[in-house]
Amino acid sequence: MTALLLAGCGGGGNAGRGGIAPPPSEPPRGFPPPRDVPIDPQLVASAKAELDKLLAAELAFDRVYAIEGLRYVEGEKASEPIIAQLSVKAQAVRFAAAMAAGDLKLEAAKPKLLDMVNDPDPRVQVAVRYALHKIGDTTHTQDLEKFATHGDPKVRGSTAMVLGRLNEPTAKGILRLLRADARPEVRQQADEALFLLDDTRGRDAILGYTTSSHPDDVIFAMRALAQKKDPGLKLYAWSKLSEANDASKGYLEVGLAAAMAVGAMGADDGYGVAMKGMADKDPQLGARRRMLAAATFGTIGRPDAQPFLATLLKDSDSEVRAAAATAILQIAKAPKKFNREGKVVN
C-alpha cells in the first residue's frame, strides 16, 4: 500500500547514481482491450465492508492496509475512522492515520493532531507535522529540520519522505544533505523527495535506479515514477513491463511496479501484467504479487478489472484483500475510459 511503500526502501541504495540510460523503445503491448462496463454497487459495498473489518482487526498492519483504502471513501465516512485510528496504541497505525489525514486535508483531525505534536514516537511526530502543514497549520513545520538529523535512520527517512510530499521548494537544502546520509535507505528517500520536487539531482538518481541490477531498487524507482506521473518519463516504466516474463527470478514484481507507473501516467499497457500477477500462487511471493496486482488494477482504473478484484477481495491474505478493496473504491470513485490504443480518453 502507498503509505507503507513510501516508507520502505530497496536494496542497493547507491545503484542509481552512476548515470542514466537513454529512454528505451516502447515494448509491444500485450493485454486484452478495454471494455466499458458499469460499476457494480454490490462489489463497492463489499469493498467498504472489508475495510471496516480490517479497521477493527487486532493486527496493526491490517489497520494500516485499511487506512489506505479510506482515501477513496467520501466525506465523513473517511474522516471519522481516520481520526479514530489516531488514538490507536500501535505506532504504525497512528503514523498511517496521520499521513492519511494530511493527504486528505482533514480539518476535523486538527485538534487531535495538535494533541499528538509530542507523540511518544518520533516518526509519528513527523507524520503529525506533515498533516498539520497540509491542513494549513505550519506552526510546527520547521521542526522537520531537527528530525532530519535524528539518530534513528527510520525517522530521517520518514522526514525525507514528508519533505518531498509537502511540495515546498525550500526543503531541497535539507534533502540534499540527506542524500549524503550514512544509511542507503535514507539516501534513497531523499532522492525520491528531490525528484518529486523537480530537483535535477533527484531526477537523475531515480532514473539511474531504473537501470539497477537490484530488483528492489527498480521497484523503488517505478513507485517514484508513479507518484510523479510525468508522461515524459513513461518510456522508463514501459521498458520494465517485460520483466514480468521472468517471475522465477522475482522480476514479476518489477513488471507489476512498472505497470502501476504506466497506469498512473494514463496508459493501460500493464493491464496484462496485473492479470498475470493476480493469478500467482508462489508460496513465498504469491501474496505480495497479488497485492501489487490489485494495486495496479486500481491505478490503471479500468472498470472491467472488477471481476479480477472481486476474486482478490476473497484472498486468504489480508493485505491482498485490503489492496483489492482499495482498488475497487479507487475505480468506483474515478473510473477511466481508454481508447483502443490504451490511452485515457476521459
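Residues numbered from 1 in each chain as written. Predicted model: local features only at pLDDT ≥ 70, side-chain atom pairs only at ≥ 80, totals over all residues. Heavy atoms only, no water.

(A) Broad picture of the nonpolar core. Leu113, Val128, Leu175, Leu178, Leu225 and Leu309 are the most contacted members of the largest nonpolar core, which has 113 residues in total. The biggest single contributor to this core is helix α15 (residues 252-264), with ten residues. Residue contacts for Leu113: discarding those within four places in its chain leaves Leu86, Ala98, Ala101, Val128, Ala131, Leu132 and Ile135. (Core = buried A, V, L, I, M, F, W, Y, C linked by side-chain atoms within 4.5 Å. Buried < 20%, exposed > 50% of the residue type's maximum accessible area, 1.4 Å probe, protein only. Helix = DSSP H or I, 4+ residues; strand = E, 2+ residues; numbered from the N terminus. Contact = heavy atoms within 4.5 Å.)

(B) Region of interest: the confidence of the model for the protein. Residues with a pLDDT of 70 or more make up 90% of the protein, whose mean pLDDT is 90. Considering only residues more than four positions removed or in separate chains, one finds that residues 1-14, a stretch of pLDDT under 50, has 39 contacts. (pLDDT = per-residue confidence, 0-100.)

(C) The arrangement of the environment of Val254 in detail. Following the sequence through the fold, Val254 ends up in helix α15. With near-sequence residues (within four places) excluded, Val254 lies in contact with Pro215, Val218, Ile219, Lys240 and Glu243.

(D) Layout of the packing of helix α2 (residues 41-55) against helix α3 (residues 60-69). Packing of α2 against α3 leaves a shortest axis separation of 8 Å and a crossing angle of 145°. As α2 runs across α3, the sense of the crossing is left-handed. Residue-level contacts link Leu51, Leu54 and Leu55 of α2 to Asp62, Arg63, Ala66, Ile67 and Gly69 of α3. (Axes fitted to C-alpha atoms, helices over the stretch in contact; angles between N-to-C directions. Left-handed = near helix turned anticlockwise from the far one by under 90°.)

(E) Representation of helix α12 (residues 200-209) in the model. Burial in α12 covers these residues: Gly202, Ala205, Ile206, Leu207, Gly208 and Tyr209. On its buried face, α12 is in contact with α11 (184-196), α13 (215-228) and α14 (234-238). Measuring from the side-chain oxygen of the N-cap residue of α12 to the backbone nitrogen of Arg201 gives 2.9 Å; that N-cap residue is Asp199. (Polar contact = N/O pair within 3.5 Å; in protein donor to acceptor, adjacent residues only side chain to side chain.)

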